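Here are the chains, one letter per residue:
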Amino acid sequence: MVFEGRGYWRGKITDFEFGVDAEGIITRVGKSVRGSPRKNLGDLLVLPSGIDLHAHFRDPGPTDSVENFDSGTVSAALGGISAAVDMPNTVPPTTTADRVVDKIARIRARAHIDILPYAALTGASSVRRLGHVAAGFKLFLAPTTGDLKVPETSEIPTLLEEVRASGLPLHVHAEDPAKFNPRESPTETDAWDRLRPAAAELAAIERLSSPPPGLRIHIAHVTTAAAADRARELGAGSEATPHHLLLSSSVFGTAFQKVNPPLRAESVRKELWERFRTGRIPMLASDHAPHSISLKEEPFAEAPSGVPGIETMMPLMLELVRRGDLPLQVLVRAIARHPALHLGLPRGALEPGCEANFLTLDFRAPRALRARNLSARCGWTPFEGRSAIFPVDHYVRGNRIVEDGEFVGSGHGRALRATPLPPPLPKS
Ligand code: NCD
Ligand code: ZN
Ligand code: ZN
């Protein structure tokens, strides 16, 4: 199949054509590509689809859970995401090889986009076995949603060394509980920010300051410019989330904006946005963490932390592109190319050898986000009322899974792993 259209190619918007083989891989791209059948994508803008490095699909989970791989990947597809990293703080948590294998079976049974099941790093003895099946590793340095054990400080160097030997990437929830300010009972988001302050995030990043050479470290959900800068200095990757980039603790206050790490003050948010807008935070990720409305309506101190976001991340950012507030190139790199390079996957660009995963967009049609119009099963969004641009169509490996804003796919998701890096050569 040859697609003809106008889209983002090699950093610019241009008229182009690309050929896709029977496996859904792009074979040729250029001003004019021969072959048939042909499909003209009209005057819509073509972009590579997104990769979300951070999502909580809650599968396995309790039967009344607000999410699973079926519902979560429909939301992802509608939001322009064609692959996502699944986090291990499920019920039960992904701490053994058998549980990773069970997750892979769940992904194959009901995911509609590709999923990378990550394992939790809780003890050094399990890393080797996990490294054969998991897509990558997640280290929680502070307690958050779920029941995962936070490793002792003294164990961390061994854990890092074991992950390095696996060749897989390590994503870190970086907050240092020693820097938390225990309070009786926080009642709004400002108090949550004081309880788990930005200093705790920086301190946790500092704890990773001499990683074994060759270990791919990625700092999840950075909330301050300083944290992003420090990650960069250490040679680590980092991601910012739409909620930390667009919402602040000073404006919103209820448990529906309670998240770990917390939303920060407006001045801190603006500085984070500036780093992101200028391409100095390499990646964007949703930290999609759906919770039911009834749990979020509990008193602030008891309500769980986390906000949904996989369906709205790219549409919100595309609207900022339309307004001229965010360069398209920065967005495509942060949501597609850099995550693909980080994971070592042939995706995230419309280039030969990459999967034909792409969106068509109508920049004349922004619309107000309404939870009732989203597919998200949790039934709410922290971005209610904001303007967004949703994909018209979404193609994965050359097949349309979203048509005119409606999900039309069915179970084409694969379980993927990050490509392991080879061990360093011995120094002779
Ligand atoms: C996440 C969740 O609910 O799973 N919550 C959150 O506040 N971000 C866990 C996490 O990423 O810390
Ligand atoms: Zn986290
Ligand atoms: Zn998370």
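Up top you'll find the structure we're talking about.
Residues numbered from 1 in each chain as written. Chains lettered and ligands numbered in written order. Predicted model: local features only at pLDDT ≥ 70, side-chain atom pairs only at ≥ 80, totals over all residues. Heavy atoms only, no water.

Colleague: Residues and numbers for the sheet that holds strand S9 (residues 170-173), please.
Modeller: Hydrogen bonds along the backbone pair up the strands of a sheet, which may run parallel or antiparallel. The sheet built from eight strands is open, its strands ordered S5-S6-S7-S8-S9-S10-S11-S12 with parallel pairing. One side of each edge strand has no neighbouring strand; the edge strands of this open sheet are strand S5 (50-55) and strand S12 (283-284). As paired elements, strand S6 (residues 81-86) and strand S7 (residues 114-120) share four bridges and run parallel to each other. What sits directly across from Ala 83, in S7, is Asp 114. (Pairing = 2+ DSSP bridges. Helix = DSSP H or I, 4+ residues; strand = E, 2+ residues; numbered from the N terminus.)

Colleague: Outline the sheet that holds strand S4 (residues 38-48), supporting the account with residue identities and numerical values.
Modeller: Here we have eight strands laid out as an open sheet, ordered S3-S2-S1-S4-S13-S16-S17-S18, and mixed in their pairing. In this open sheet, the two strands that pair with only one neighbour each are strand S3 (26-30) and strand S18 (406-407). In terms of strand pairing, strand S1 (residues 2-9) meets S4 through five bridges, oriented parallel. Paired with Arg 6 across the bridge in S4 is Leu 45. Seen against the sheet, helix H12 (residues 328-343) touches S1, strand S2 (12-20) and S4 and runs at an angle of roughly 90° to S4. (Contact = heavy atoms within 4.5 Å. Axes fitted to C-alpha atoms, helices over the stretch in contact; angles between N-to-C directions.)

Colleague: Go over the coordination of the zinc ion (ligand 3) with me, naming the residues and quoting the values.
Modeller: Each donor-metal-donor angle in an ideal tetrahedron of four donors is 109.5 degrees, and each such angle in an ideal octahedron of six donors is either 90 or 180 degrees. Bound to the zinc ion (ligand 3) are the protein donor atoms His 54 (NE2), His 56 (NE2) and Asp 287 (OD), situated 2.0 to 2.1 Å from the metal. Classification of the site at the zinc ion (ligand 3) as irregular follows from its four donor atoms and the range of 87 to 136° in their angles at the metal. Coordination of the zinc ion (ligand 3) draws on donor residues from a single chain, spaced H-x1-H-x230-D in sequence. If you look at the zinc ion (ligand 3) and the zinc ion (ligand 2), they sit 3.5 Å from each other. One end of the pair, His 54, is in strand S5; the other, Asp 287, is in the loop between S12 and helix H10 (293-296), with 233 residues separating them in the sequence. (Donors = N, O, S within 2.8 Å, 3.2 Å for Na, K, Ca; no water. Tetrahedral: all angles 85-135°; square planar, octahedral: opposite > 155°, others 65-115°.)

Colleague: Give me the coordination of the zinc ion (ligand 2): which residues, what numbers.
Modeller: Taken together, the protein ligands of the zinc ion (ligand 2) are His 173 (ND1) and His 221 (NE2), with distances of 2.0 to 2.1 Å. Coordination at the zinc ion (ligand 2) is irregular: its four donor atoms span angles of 53 to 139° at the metal. Take His 173: its relative accessible area is 2%, and that puts it in the buried class. (Buried < 20%, exposed > 50% of the residue type's maximum accessible area, 1.4 Å probe, protein only.)

Colleague: How would you sum up the side chain of Ser 249? Please name residues and give values.
Modeller: Within the secondary structure, Ser 249 is located in the loop between helix H8 (242-246) and helix H9 (266-277). In terms of polar contacts, Ser 249 uses its side chain to reach the side chain of Asp 190, at 3.0 Å. In this structure, Ser 249 is in contact with Thr 189, Asp 190, Asp 193, Leu 263, Arg 264 and Ala 265, ignoring residues within four places of it in sequence. (Polar contact = N/O pair within 3.5 Å; in protein donor to acceptor, adjacent residues only side chain to side chain.)

Colleague: Describe in detail the pattern of salt bridges, supporting the description with residues and values.
Modeller: Per the counting criterion, the structure on display carries 31 salt bridges. For Glu 206, the salt bridge goes to Arg 230, with nearest N and O atoms at 2.7 Å. Residue Glu 206 is located in helix H6 (residues 198-206), and its partner Arg 230 is located in helix H7 (residues 225-233); the two are separated by 24 residues in the primary sequence. A residue is classified by how much of its surface remains accessible, and Glu 206, at 33% relative accessible area, is partly exposed. Its salt-bridge partner being Arg 275, residue Asp 229 comes within 2.8 Å of it at the nearest N-O pair. Of this pair, Asp 229 sits in helix H7 while Arg 275 sits in helix H9, and the two are 46 residues apart along the sequence. Given a relative accessible area of 14%, Arg 275 falls into the buried group. Through salt bridges that share partners, Asp 59, Asp 102, Arg 106 and Arg 110 make up one connected network. (Salt bridge = Lys/Arg side-chain N within 4 Å of Asp/Glu carboxyl O.)

Colleague: Which residues make up H6, and what values go with them?
Modeller: One turn of the α-helix equals 3.6 residues, which is why residues spaced by three or four share an orientation. Three or more residues of H6 are buried, namely Ala 200, Glu 201, Ala 203, Ala 204 and Ile 205. Packed against the buried residues of H6 are strand S10 (217-219) and H7.

Colleague: Go over the site of ligand 1 with me, naming the residues and quoting the values.
Modeller: If you check the shell around ligand 1, you find 15 residues, and the closest are Arg 58, Thr 144, Thr 145, Asn 260 and Asp 287. One of the side-chain N or O atoms of His 173 is found 3.0 Å from an oxygen atom in ligand 1. A distance of 2.8 Å is found between an oxygen atom of ligand 1 and a backbone nitrogen or oxygen belonging to Asn 260. Here ligand 1 has 320 Å² of accessible area as a free molecule, and 100% of this is covered by the chains. A class-by-class count of the residues in the shell around ligand 1 yields two nonpolar, 11 polar and two charged. (Near = heavy atom within 4 Å. Areas by Shrake-Rupley, 256 points an atom, 1.4 Å probe, with all protein chains shown as cover. Nonpolar A, V, L, I, M, F, W, Y, C, P; charged D, E, K, R; others polar.)

Colleague: So what about the packing of aromatic side chains? Which residues, and what values?
Modeller: Enumeration according to the criterion identifies 11 aromatic pairs in this entry. Ring geometry for Phe 18 versus Phe 358: centroids 5.1 Å apart, planes at 90°, classification edge-to-face. Of this pair, Phe 18 sits in strand S2 while Phe 358 sits in strand S13 (residues 358-361), and the two are 340 residues apart along the sequence. The burial state of Phe 18 is the same as that of Phe 358; both residues are buried. Here the guanidinium or amino end of Lys 258 rests over the ring plane of Trp 192, the centre of that ring lying 4.4 Å away. Here the guanidinium or amino end of Lys 258 rests over the ring plane of Phe 300, the centre of that ring lying 5.3 Å away. (Phe/Tyr/Trp six-rings, centres within 6.5 Å; stacked < 30°, edge-to-face > 60°. Lys NZ or Arg CZ within 6 Å of the ring centre and 35° of its normal.)

Colleague: Describe unusual backbone geometry, listing the residues and the values that go with them.
Modeller: A cis geometry characterises the amide bond from Ser 36 onward to Pro 37, with omega recorded as -5°. Its location among the elements puts Pro 37 in the loop between S3 and S4. Pro 261 follows Asn 260 through a cis peptide bond whose omega is -15°. Position of Pro 261 relative to the elements: it lies in the loop between H8 and H9. Even without being glycine, Asp 287 reaches a positive phi, approximately 50°.

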